[in-house]
Amino acid sequence: MLETYIKKYHKNNFQYILVDAAGKVIETDNHIIPIGNLTQIQEVHPFFEAFSDLFFIKNESYDFLCINLDFDKTSIIADITLQTHNDNKNLIIIEDLTKHYNNYQLAAQNRNESLINAQILKLKNLHLKEKEQFKNIFIANFSHQLRNPITALNIFSNLLKDTTLDDTQESYVNVINTANKNLKQSVEGILDISKIEAGKLILVEKVFSLKALLNEIINEHKLHITKKNIEFNFILDPKLPEFLNGDSFRLKQIIGNLLSNATYFTLKGFINLNISLNHIRANKANLHIKVSDTGIGIDPKDYEQIFKRFTKIESTIKNDMSTGLGLSITQYLISQMDGNIKVQSEIGIGSVFTCNISFKLATSYDKNLKEVLLHKVRKRLDKKHNILLVEDSELIQLSILKIIAADGNFFLNIISNGDDFISTIMDQDVDLILLSSTIQNYTAEELTKSLRKLSKEYKKIPVISISSKAFKEDIKSLKKAGINDVITKPFDEETLLNTIHQYLK
């Protein structure tokens, strides 16, 4: 019974050919390769020409693996064994392994393709990583080069406003302030996009006065809006909590971006800001922010487009100030705060942007609540303190000198060479150090570490870094080196003086 199945399903992949010493075919049992009427094995295929000299060697066995034999109507891949004998007879054994070798070749090809694809993917990832690294380095350098002049522009234009100016001069200063503000927003926007792409934009939770923040936002935008002869209305819900715990800087950025966007695209009519309390649950306050305008409006088909980075929809207003980043960053920030943003608009009628964001309620247990309450109050110090400024930018040197001189609470000594840092500190009384993040072959970390290695008295000197690096890991690195606080460029007079007074109470 088994023999019946064997005969039906067994595939005979072997052929045995018996030849004499001259290669003459004596007998063959299966025609895997066509023998036909040929009498010499050498005539079957050129491969067998190599056997002619081997036929005369007695009692040897030769194996030939993966031999491709092509014929008129067929081709096979076989393993061939030659057995030579003493009785002048030679046995050629042919095993047809075409399917085996084809499968092996296919597997090897697939494996090679897989390896090649993996290598290509690796190279692509490496290329993308290098591009990302180049972009981040470029943006960091770009930012570093712009932060000093932006800081100087900001400080000196504010100082000019405090001097006696005629109407024409005052209008010029206002133009400078507006241009500088737009430049600062553009730089910060590009940096924020870089942080978002790198996953490095982190929200920082601190207690803040909501009322003070909203008043600050309103005052900053009111002048610019009313100068365009646009009516600016704002309604603040009296039920809004006084103090919240969250990222006040990003909340200010969200509202500011919505107001700036409305201002850009509104030529007449009004801009309304309405901030109310949705509810308080689980010690969280949910705020409702609504910005409406009578601007050019947005086609509903463009609702998704306006939230994409570097995208500006076509309009009748020529606007070179917008980078197309504001709404993209705003949407990202709101999503990070587990909030939502919606837009409703009609061409020629205006737009309404609404968003809902939750913040923790500040409690008496929050350690910096008292600091927030006293933040705006700068008491006059009991004596003039000595401040050492280590900075090689003449623009920043002059800017800080003007601020310090106007405050009247400090003596300022300036050095622009890192080599003089330690000797200056040891030769003079220094109560606080303002230290540039980079200065002539030195970093702020290196200089601070060298300071902290001195005697105990020098370890207590407050060090504030004036940094052009704004990423969280950069600030973390500065503080890890022993730096007490970091002020990022561009900074203003209030930020600098408040930070100094904090450490020289």
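I will try to describe carefully the structure that is included in this document. (Residues numbered from 1 in each chain as written. Predicted model: local features only at pLDDT ≥ 70, side-chain atom pairs only at ≥ 80, totals over all residues. Heavy atoms only, no water.)

### Things to note about the environment of serine 416
Our working definition: Secondary structure elements follow DSSP: runs of H or I of four or more residues count as helices, runs of E of two or more count as strands, with numbering from the N terminus. When accessible area is computed with a 1.4 Å probe and restricted to protein chains, residues below 20% of their type maximum are described as buried, those above 50% as exposed, and intermediate ones as partly exposed. By definition in these notes, contact holds between two residues if any of their heavy atoms fall within 4.5 Å.
When you line up the elements, serine 416 lands in the loop between strand 14 (410-415) and helix 9 (421-427). You can call serine 416 partly exposed: its relative accessible area is 33%. A sequence separation of 24 residues divides serine 416 from aspartate 392, and the C-alpha atoms of the two residues are 4.3 Å apart. Non-local contacts of serine 416, meaning those with residues more than four positions away in its chain, are made with Glu391, Asp392, Gln397, Ile439 and Gln440.

### Regarding the sheet that holds strand 18 (residues 463-467)
Test applied: At least two DSSP bridges between two strands are needed for those strands to be called paired. Lines are fitted to the C-alpha atoms to define the axes, a helix being fitted only along its stretch in contact, and any angle between axes, read from their N-to-C directions, falls within 0 to 180 degrees.
Ordered in space as 14-13-15-18-19, the five strands form an open sheet in which the pairing is parallel. The sheet is open, and its two edges are formed by strand 14 and strand 19 (485-488), each paired on a single side. The sheet shows a mean angle of 20° between the axes of neighbouring strands, taken without regard to direction. The pairing of strand 15 (residues 432-436) with strand 18 spans four bridges and is parallel. Within the sheet, the bridge partner assigned to serine 436 lies in strand 18 and is isoleucine 466.

### Considerations on the packing of aromatic side chains
Put simply, the test is: The aromatic pairing rule takes the rings of Phe, Tyr and Trp, using the six-membered ring of Trp, and pairs them if the centres are within 6.5 Å, calling planes under 30 degrees apart stacked, those over 60 edge-to-face and the rest tilted.
Following the criterion strictly, the structure yields nine aromatic pairs and no others. When the ring of phenylalanine 47 is compared with that of phenylalanine 64, the centres are 5.7 Å apart and the planes differ by 85°; the resulting orientation is edge-to-face. Taken together, the residues span a long stretch of sequence, with phenylalanine 47 in the loop between strand 2 (25-28) and strand 3 (61-70) and phenylalanine 64 in strand 3 at a distance of 17 residues. Residue phenylalanine 47 is classed as buried on the basis of its relative accessible area of 17%. Ring centres of phenylalanine 48 and phenylalanine 51 lie 5.5 Å apart, and the angle between their planes is 85°; on these two criteria the pair is classed as edge-to-face. Accessibility classification places phenylalanine 48 together with phenylalanine 51 in one group, the buried group. Aromatic rings pair up to connect Phe47, Phe48, Phe51, Phe55 and Phe64 into one cluster.

### Here we look at the pattern of salt bridges
Pairing between side chains of opposite charge can happen when the charged atoms of each approach one another. This is how the line gets drawn: Salt-bridge detection follows one rule: a side-chain nitrogen of Lys or Arg within 4 Å of a carboxyl oxygen of Asp or Glu.
Counted according to the given criterion, the structure contains four salt bridges. In this structure, glutamate 205 engages lysine 360 in a salt bridge whose closest nitrogen and oxygen atoms are separated by 3.3 Å. Separated by 155 residues along the polypeptide, glutamate 205 in the loop between helix 3 (167-198) and strand 6 (206-209) and lysine 360 in strand 12 (residues 350-361) bring together distant segments of the chain. By relative accessible area, which is 49% here, glutamate 205 ends up partly exposed. With a relative accessible area of 37%, lysine 360 lands in the partly exposed category. Here the salt bridges do not stand alone but share partners, grouping Glu216, Glu220 and Lys252 into one network.

### A word on the nonpolar core
Put simply, the rule is: Take the buried residues of types Ala, Val, Leu, Ile, Met, Phe, Trp, Tyr and Cys, join any two whose side-chain atoms come within 4.5 Å, and each joined set is a nonpolar core.
Ranked by size, the top nonpolar core spans 40 residues in total, and within it Leu251, Ile255, Leu273, Phe353 and Ile357 carry the most contacts. In this structure, isoleucine 255 is in contact with Leu214, Ile217, Leu273, Ile275 and Ile289, ignoring residues within four places of it in sequence. Counting 22 residues, the second-largest nonpolar core is a separate cluster that includes Val44, Ile80, Ile92 and Ile94.

### Some thoughts on the sheet that holds strand 2
Here five strands make up an open sheet; going across it, the order is 2-1-5-4-3 and the pairing antiparallel. Bordering the open sheet on either side are strand 2 and strand 3, each of which pairs with just one other strand. The sheet shows a mean angle of 25° between the axes of neighbouring strands, taken without regard to direction. Bridge count for strand 1 (residues 14-20) against strand 2 is three bridges, and the pairing is antiparallel. If you follow isoleucine 17 over to strand 2, its bridge partner there is threonine 28.

### What to know about unusual backbone geometry
Look at asparagine 283: it is not a glycine, yet its phi comes out positive at around 65°. The residue asparagine 283 is located in the loop between strand 9 (270-281) and strand 10 (284-293) in this model. The residue aspartate 338 is not glycine, and still its phi comes out positive at about 60°. Assignment of secondary structure puts aspartate 338 in the loop between helix 6 (326-336) and strand 11 (340-346).

### Quick notes on the environment of alanine 152
Here alanine 152 shows up in helix 2 (residues 98-161). Note on alanine 152: relative accessible area 6%, which makes it buried. Sequence spacing of alanine 152 and proline 490 is 338 residues, and the spatial spacing of their C-alpha atoms is 8.2 Å. In this structure, alanine 152 is in contact with Leu395 and Ser399, ignoring residues within four places of it in sequence.

### Structural notes on helix 8 (residues 394-407)
Here is the rule: A helix is expected to reach a length of 1.5 Å times the quantity of its residues less one. In this description, the arc belongs to the directions extending from the helix axis to the C-beta atoms.
Across its 14 residues, helix 8 extends 20 Å between first and last C-alpha, which sits within 8% of the 20 Å expected from 1.5 Å per residue. By the burial criterion, the buried members of helix 8 are Ile396, Gln397, Ser399, Ile400, Ile403, Ile404 and Asp407. The buried residues of helix 8 occupy one face: seen down the axis, they fall within an arc of 165°. Along helix 8, exposed side chains directed more than 90 degrees from the buried face belong to Glu394, Ala405 and Ala406. Positive backbone phi, approximately 80°, marks glycine 408, located one or two places after helix 8.

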